[in-house]
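# Residue-level structural notes
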Amino acid sequence: MSNENPITGDQILRVGPVNPAVAAILNDEFQAAVLPGADDRDAWLEEHGAGIRVAVCSGKIGVDTKLLEKLPYLEAIVNFGVGYDATDVAQAKERGIPLSNTPDVLTDCVADTALGLYLDTLRRLSAAERFVRAGTWASGQNFPLATKASGRKVGILGLGRIGQAIADRLEGFGCEIHYHSRNPKQDVQYPYHASARDLAAATEVLIVAAAGGPDSAGLVNADVIEAVGPEGFIINIARGSVIDEPALIRALQEGTLAGAGLDVFANEPEVPAELLELDSVVLLPHLGSGTVETRADMTAVTIGNLRSFLKDRTLLTPIY
Ligand code: DGY
């Protein structure tokens, strides 16, 4: 099939800033087109949109509704990252455009990040470090006692590959794992809860590992946050959209939630000023998969998907 109508470099579009290694390969090897910034975008798409057959994007800046509409002959979307909620999946599916992501290779690093946030948030390690740097310890004060992290009841919201890897790690800390997913898992022994609220009410720490997108938007609402409670914590390594962020901020300010560890936010890279002011939260710049090794593996999967599609119109790790 590829021989009949081969895809050329100028028919490949890089959407937004992607990982530098991916960008370099797209540029040096394929001489792929680059989607211009907002000011020049519409005019560029008017002229070149109909020629684009493959889009390569990041999980943060996907191929959204408007862009998809301007790419009438798009044949595939290759997404760098496991999450693809920035892409209009419904439209892509409807038009029969396959989409790939980079599963598995980042599971360990994202789960490690969740554990780091879990330990940091409960034991208040970053706050304690600020205390040392500010000279408060040297001035004779003691840092306030924190919350024990080992042996807690932890609820995993979304027991996919990453959720399970987080659970595996927490078992090593003697934690009792509970979960909620769309459906109970056949081969899992942890107690299942029928809703996010039930899960939050039954556990002490809620770890959000559910995929982003329209189905999970606002899943952790004010009710769920209330069920986590004033002694409880929320950790989020999934997507900011899964949590009602204003409700989370209110609960933290009012002390109806003890603390939160967040790698993701509703409007990244903006972090609400209210969160920046709170000492009970640990805030990370969406670095879940951010290690040299994992980003290299994600690059290999992304470029592997692109090469495969150019060769025989198949993706190595399609979503559907
Ligand atoms: C992804 O790949 O979607 C994750 O957000 C990595 O941090």
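The structure presented is a predicted model; accordingly, all values stated were derived computationally and were not measured.

## Some remarks on the site of the ligand
Looking at the ligand, the residues that line it are Gly 81, Val 82, Gly 83, Leu 106, Arg 239, His 286, Gly 288 and Ser 289. Between His 286 and the ligand, the recorded distance is 2.6 Å, taken from a side-chain N or O atom to an oxygen atom. The protein chains hide 91% of the 240 Å² of surface that the ligand would expose on its own. Of the residues that constitute the shell around the ligand, the class distribution is two nonpolar, five polar and one charged.

## Side note on the pairing of strand 8 (residues 205–208)
Neither face of strand 8 is open: one carries Val 205 and Ile 207, the other Leu 206 and Val 208, and all of them are buried. Taken together, the four bridges between strand 6 (residues 153–157) and strand 8 define a ladder with parallel strand orientation. Residue pairing across strands places Val 154 opposite Val 205, the latter belonging to strand 8. Relative to strand 9 (residues 233–236), strand 8 is paired through four bridges, and the arrangement is parallel. In the sheet register, Leu 206 faces strand 9, and the bridge partner there is Ile 234. Between the parallel elements strand 8 and strand 9, the chain passes through helix 9 (residues 222–228) in a crossover that is right-handed.

## Re the domain arrangement of the protein
Taken domain by domain, the protein consists of domain 1 (9–103 + 293–312) and domain 2 (107–283). Inter-centroid distance (C-alpha atoms) of domain 1 to domain 2 is 32 Å. With seven residues of domain 1 at the interface, the matching set in domain 2 holds seven residues. The largest share of the area that domain 1 buries against domain 2 comes from Asp 85, Pro 103 and Thr 294, three residues that together contribute 68% of it. Our count for the contact surface shared by domain 1 and domain 2 stands at one salt bridge. A salt bridge links Asp 85 to Arg 239, with the nearest nitrogen and oxygen atoms 2.8 Å apart. On inspection of domain 1 and its partner domain 2, the count reaches one residue pair in polar contact (both at pLDDT 80 or more). Its residues assigned to classes, the side of domain 1 that touches domain 2 comprises two nonpolar, three polar and two charged.

## So, the packing of aromatic side chains
This structure, assessed with the given rule, holds two aromatic pairs. Ring plane angle 70° and centroid distance 5.2 Å describe the contact between Phe 131 and Phe 143, whose orientation is recorded as edge-to-face. Placement of the pair is Phe 131 in helix 6 (residues 125–133) and Phe 143 in the loop between helix 6 and strand 6, with a sequence separation of 12 residues. Residue classification places Phe 131 among the buried residues on the basis of a relative accessible area of 12%. According to the relative accessible area criterion, Phe 143 is partly exposed, its value standing at 23%.

## A word on the pairing of strand 7 (residues 176–180)
Judged by how many residues are buried, strand 7 sits mostly within the fold: four of five residues are covered. You can see the chain leave strand 6, run along helix 7 (residues 161–171) and come back into strand 7, and the turn it takes is right-handed.

## As for the pattern of salt bridges
Enumeration according to the criterion identifies 15 salt bridges in this entry. Residue Arg 307 is joined to Glu 29 by a salt bridge in which the shortest nitrogen-to-oxygen separation is 2.4 Å. Note that Arg 307 is positioned in helix 12 (residues 292–312) and Glu 29 in the loop between helix 1 (20–28) and strand 2 (33–34), a separation of 278 residues in sequence. Glu 29 gets classed as partly exposed once you look at its relative accessible area, which sits at 45%. Linking Arg 161 and Asp 104 is a salt bridge whose minimum nitrogen-to-oxygen distance equals 3.5 Å. A residue pair is termed long-range when its members are at least 10 positions apart, and Arg 161 in helix 7 and Asp 104 in the loop between strand 5 (99–100) and helix 5 (107–123) qualify at 57 residues. For Asp 104, a relative accessible area of 48% gives the class partly exposed. Salt bridges sharing common partners tie together Asp 42, Lys 66 and Lys 70.

What counts and what doesn't
Residues numbered from 1 in each chain as written. Predicted model: local features only at pLDDT ≥ 70, side-chain atom pairs only at ≥ 80, totals over all residues. Heavy atoms only, no water. Near = heavy atom within 4 Å. Polar contact = N/O pair within 3.5 Å; in protein donor to acceptor, adjacent residues only side chain to side chain. Areas by Shrake-Rupley, 256 points an atom, 1.4 Å probe, with all protein chains shown as cover. Nonpolar A, V, L, I, M, F, W, Y, C, P; charged D, E, K, R; others polar. Buried < 20%, exposed > 50% of the residue type's maximum accessible area, 1.4 Å probe, protein only. Helix = DSSP H or I, 4+ residues; strand = E, 2+ residues; numbered from the N terminus. Pairing = 2+ DSSP bridges. Right-handed = clockwise from strand over helix to strand, strands pointing away. Domains from an automatic or database assignment. Contact = heavy atoms within 4.5 Å. Buried area = accessible area lost by both parts, 1.4 Å probe. Salt bridge = Lys/Arg side-chain N within 4 Å of Asp/Glu carboxyl O. Phe/Tyr/Trp six-rings, centres within 6.5 Å; stacked < 30°, edge-to-face > 60°.

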